[in-house]
Amino acid sequence: MWPLRPTEKAASIHDVDYARLRAAGKRALLFVLDNTLGSRGMEYLPEPILGFLLTLKQQGFRVGVLTNRRRNAEDPAVRTLREHVPVVHAAGKPARRGFLELLDALGASPEIAVMIGDRLLTDVLGANRLGIHSIRVRQHRTHR
């Protein structure tokens, strides 16, 4: 695996084949906040995105969010997410620390995890260094 080549690509988080991932034994989904779940720097998490993440949890996935955002307690989007899923902020992607912290919070190993993000140099590189299945999505678009 080339460090900057994702395992696969999708147009958006809505276009990922989650049923296929589940059938392949993937159980933990690591999402990026900015430009993947929502617009870069968004203040509030869009309600449809929260519903989408909760639906994935109902389907049996362990869901978490990894972000390089530095603010935490005062960040309304992160605060909303933390009520429902583990969030690692100031993750320092592509460093391993943030990925490992989120995997630990999800009780998951790299072998059953999937990283879904938009950036090659942070999301894909960090996932690939740990042997995590990586899916690069195009930057955030209007939600379904």
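Residues numbered from 1 in each chain as written. Predicted model: local features only at pLDDT ≥ 70, side-chain atom pairs only at ≥ 80, totals over all residues. Heavy atoms only, no water.

Draft legend 1. Summary view of unusual backbone geometry. Following Lys93, the chain continues into Pro94 via a peptide bond in cis, with omega recorded as 15°. Mapped onto the secondary structure, Pro94 falls in the loop between strand S4 (87–88) and helix H4 (96–106). The residue Asn35 is not glycine, and still its phi comes out positive at about 70°. Following the sequence through the fold, Asn35 ends up in the loop between strand S2 (28–32) and helix H2 (47–58). The class of Asn35 is buried, set by a relative accessible area of 8%. (Helix = DSSP H or I, 4+ residues; strand = E, 2+ residues; numbered from the N terminus. Buried < 20%, exposed > 50% of the residue type's maximum accessible area, 1.4 Å probe, protein only.)

Draft legend 2. Inspection of the side chain of His133 at higher detail. Looking at the element boundaries, His133 is found in strand S6 (residues 133–137). A distance of 2.7 Å separates polar atoms of two side chains, one belonging to His133 and the other to Glu8. With near-sequence residues (within four places) excluded, His133 lies in contact with Thr7, Glu8, Leu21, Lys26, Ala113, Val114 and Met115. (Polar contact = N/O pair within 3.5 Å; in protein donor to acceptor, adjacent residues only side chain to side chain. Contact = heavy atoms within 4.5 Å.)

Draft legend 3. Expanded view of the pattern of salt bridges. For the structure on display, the rule yields 6 salt bridges. For the salt bridge of Arg69 with Asp75, the shortest nitrogen-to-oxygen distance reads 2.7 Å. Each member of the pair, Arg69 as well as Asp75, is classed as buried. Among the ionic pairs, Asp123 bridges to Lys93, the shortest N-O distance being 2.7 Å. With Asp123 in helix H5 (residues 120–129) and Lys93 in the loop between S4 and H4, the pair connects residues that are 30 residues apart, well separated along the chain. One network of salt bridges, in which partners are shared, links Glu8, Asp17 and Arg20. (Salt bridge = Lys/Arg side-chain N within 4 Å of Asp/Glu carboxyl O.)

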